[in-house]
Structures are given as structure tokens and as C-alpha cells.
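# Tertiary structure, described
Each chain, letter by letter, is given below.
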Amino acid sequence: MRALTEKDIAPALADGATPWEIEQSIRVQAQRQASTLHACFDPMPLQCQRPGYVGVGLSLSKQGDVLSHWVSRSSYGPDCPVTECMAKHAARWFFEPVPEAMRLILPIQVKRTNRPLQPSSVTISAGL
């Protein structure tokens, strides 16, 4: 975890922002909040522990609160339970107030850490 800076708490939306600028600001805010997303991918099967993208649908109130969230698409296969992982993260997200309530789908990039990939269980047999 890092300390907040002036840049982190400065308003991201200017008065009179266009819908495109508002969506871009929300994307940046969401990706910043997804920086620890890899932590819920770490216990998944090894084939899931790779960089990828998840399309996260959000319904936001005018105050920037997440009213509902869903996974609309994913670069991960059916063997990777990303829906539960994303639900835990997206439920805690928050955004700056927006001019009106909105629904949108955000492409969220999942990044890997420098942590070495380890299978969740390793079986070692010695042929003695």
C-alpha cells in the first residue's frame, strides 16, 4: 500500500467534461484501484496466473458509488473463476461524482507481480 499524493486526491473530472472524458476518467480510476487485483488471482490454478483483461460492467450513482457490477467478458477461460475475484474487488471501488448515473463496461488489465509462479500444490516423489 502506498500513501496518497495530491495527484490521487485531485478531482479527475473538470466542469463541463464530455461523456468521453468522463468515461476515460472512470477507466483510469478503476485501473488504479485494480492494482492489487493480482492477489486474488494468485491462489487460482497456474494457467490463470497470467496477465489478461476482464470487462467489468458497472452501474454508478451520481455520487460515484458502485450500485451493481458484473463481468461482461474475460480473456481467461472457464477454468479461471474470475467472476468471484472481480466481484470482491469491484464491490469496494469508488469513483468521483459524475453528472448523471451511468452504466458502462470497463476493460480492466490484470497484471502479474514479480512473485514466482508456483503451483498451488506440489507433489515430490523420490525414486529411491
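The following paragraphs examine the structure supplied in this document. (Residues numbered from 1 in each chain as written. Predicted model: local features only at pLDDT ≥ 70, side-chain atom pairs only at ≥ 80, totals over all residues. Heavy atoms only, no water.)

### Quick notes on the overall build of the chain
Check the secondary structure of the chain and you find four helices and three strands. Taken from the N to the C terminus, the helices and strands of the chain come in the order α-α-α-β-β-α-β. Of all 128 residues assigned to the chain, the portion counted as buried reaches 32%. Considering only intrachain contacts with a sequence separation of at least 6, the fraction spanning at least 24 residues in the chain is 73%. Counting every atom, the chain has about 8500 Å² of accessible surface; 58% of that belongs to carbon and sulfur. (Helix = DSSP H or I, 4+ residues; strand = E, 2+ residues; numbered from the N terminus. Buried < 20%, exposed > 50% of the residue type's maximum accessible area, 1.4 Å probe, protein only. Contact = heavy atoms within 4.5 Å. Areas by Shrake-Rupley, 256 points an atom, 1.4 Å probe, with all protein chains shown as cover.)

### Some words on helix α2 (residues 19–33)
Along an α-helix, residues three or four apart share an orientation, since each turn contains 3.6 residues. Taking 1.5 Å per residue, 15 residues should reach 21 Å; α2 reaches 21 Å between its end C-alpha atoms and fits that length. Among the residues of α2, I22, S25, I26, Q29, A30 and Q33 are the ones counted as buried. In an axial view of α2, the angular spread of the buried residues amounts to 135°, which keeps them on one side of the axis. Those residues of α2 that are buried lie in contact with β1 (52–60) and β3 (102–110). (Expected span 1.5 Å × (residues − 1). Arc of directions from axis to C-beta.)

### What to know about the state of the cysteines
Covalent bonding between the sulfur atoms of two cysteines defines a disulfide. Throughout the structure, instances matching the rule amount to one disulfide. Disulfide partner of C48: C80, at an S-S distance of 2.0 Å. The sign of the S-S torsion, about -95°, decides the handedness of the disulfide formed by C48 and C80: left-handed. You can see C48 sitting in the loop between α3 (38–41) and β1 and its partner C80 sitting in the loop between β2 (66–74) and α4 (82–90), a full 32 residues away along the chain. Exposure class is identical for C48 and C80. Each is buried. (Disulfide = S-S within 2.5 Å.)

### Topic: the pattern of salt bridges
Enumeration over the complete set of coordinates arrives at two salt bridges. Among the salt bridges present, the one from E23 reaches R27, with a minimum N-O distance of 3.0 Å. Of the two residues, E23 and R27 are both situated in helix α2; the distance of four residues between them amounts to about one turn of the helix. Between E84 and K88 there is a salt bridge whose closest N-O contact spans 3.6 Å. Within this pair, E84 and its partner K88 are both found in helix α4, separated by four residues, close to a single helical turn. (Salt bridge = Lys/Arg side-chain N within 4 Å of Asp/Glu carboxyl O.)

By themselves, these are just geometric observations and shouldn't be taken as functional.
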